[in-house]
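What follows is the residue order along each chain.
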Amino acid sequence: MHFPKYDLINAEERALLSPDTFEIPPLDVRTSLEVGDFAKVIFSFGERIWIEIDEVVSPGFYAGVPVTQPVTVDIKIEEVDFEAKHVIAVQRNKEMFDS
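Residues numbered from 1 in each chain as written. Predicted model: local features only at pLDDT ≥ 70, side-chain atom pairs only at ≥ 80, totals over all residues. Heavy atoms only, no water.

Let us look at the overall build of the protein chain. Looking only at helices and strands, the protein chain features two helices and five strands. Starting at the N terminus and ending at the C terminus, the protein chain contains elements arranged as α-α-β-β-β-β-β. Put simply, the protein chain has 99 residues, and 38% of those count as buried. Considering only intrachain contacts with a sequence separation of at least 6, the fraction spanning at least 24 residues in the protein chain is 54%. As presented, the protein chain carries roughly 6100 Å² of accessible surface, and 51% of it is formed by carbon and sulfur atoms. (Helix = DSSP H or I, 4+ residues; strand = E, 2+ residues; numbered from the N terminus. Buried < 20%, exposed > 50% of the residue type's maximum accessible area, 1.4 Å probe, protein only. Contact = heavy atoms within 4.5 Å. Areas by Shrake-Rupley, 256 points an atom, 1.4 Å probe, with all protein chains shown as cover.)

This is the structure:
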């Protein structure tokens, strides 16, 4: 796994603080992602970015590449290591860009 130059926001903690306005997918969904699925995470600099999963390290632990790059900070993110607790939204591979 890589050591990032940024932090990710813990979505579980944020959801507990604002349960009426900040919903996240159920834990079983966030821990069952597969290679090719997409997960949205929030970076410490405030941007929400979709990550395409290219490795399932173990259930609930993932690595992937960002679909887009940040626009509010001048960094290039090549790979993101994250956990189920960071995931704020999920799209299965086959669903991502169908709509």
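After that view, the rundown keeps rolling.
Turning next to the nonpolar core. Residues L8, L33, F43, I51, V80 and F82 are the most contacted members of the largest nonpolar core, which totals 15 residues. Secondary-structure elements contributing two or more residues to this core are β1 (38-42), β2 (48-58), β4 (80-83) and β5 (87-91). For F43, the residues in contact, after removing those within four places along its chain, are Y6, D7, L8, I9, I49, I51, I77 and V80. (Core = buried A, V, L, I, M, F, W, Y, C linked by side-chain atoms within 4.5 Å.)

Another point: the pairing of β5. The buried count for β5 comes to four of five residues, which makes it a mostly enclosed element. The pairing of β1 with β5 spans four bridges and is classified as antiparallel. Considered in β5, the bridge of F38 is made with Q91. (Pairing = 2+ DSSP bridges.)

Moving on to the environment of E23. Along the chain, the position of E23 falls in the loop between α1 (11-17) and α2 (27-30). Classification of E23 by relative accessible area gives exposed; the value is 66%. Along the primary structure E23 and E12 are separated by eleven residues, whereas in three dimensions their C-alpha atoms are 9.0 Å apart.

Two orientations exist for strands paired in a sheet by backbone hydrogen bonds: parallel and antiparallel. The strand order across the open sheet formed by five strands is β4-β3-β2-β1-β5, and the pairing between neighbours is antiparallel. Every interior strand has two partners, whereas the edge strands, β4 and β5, have only one. On average, adjacent strands in this sheet sit at an angle of 40 degrees to one another, irrespective of strand direction. Here six bridges tie β2 to strand β3 (residues 61-66), and the two strands are oriented antiparallel to one another. In the strand pairing of β3, I51 is matched with P66. (Axes fitted to C-alpha atoms, helices over the stretch in contact; angles between N-to-C directions.)

Moving on, we get to the packing of aromatic side chains. Applying the stated criterion across every chain yields a total of three aromatic pairs. When the centroid spacing of 5.0 Å and the interplanar angle of 70 degrees are considered together, the rings of Y6 and F43 count as edge-to-face. One end of the pair, Y6, is in the segment before α1; the other, F43, is in the loop between β1 and β2, and 37 residues separate them in sequence. By the burial criterion, Y6 is buried, and F43 matches it. Aromatic pair Y62 and F82: ring centres 5.5 Å apart, planes at 35 degrees, arrangement tilted. Here F82 lies in strand β4 and Y62 lies in strand β3, a separation of 20 residues in the sequence. Members of the aromatic cluster, connected to one another through ring pairs, are Y6, F43 and F45. A cation sits over an aromatic face here: R14 above F22, 5.7 Å from the ring centre. (Phe/Tyr/Trp six-rings, centres within 6.5 Å; stacked < 30°, edge-to-face > 60°. Lys NZ or Arg CZ within 6 Å of the ring centre and 35° of its normal.)

So far we have only geometry, and geometry alone does not tell us how the molecule works.
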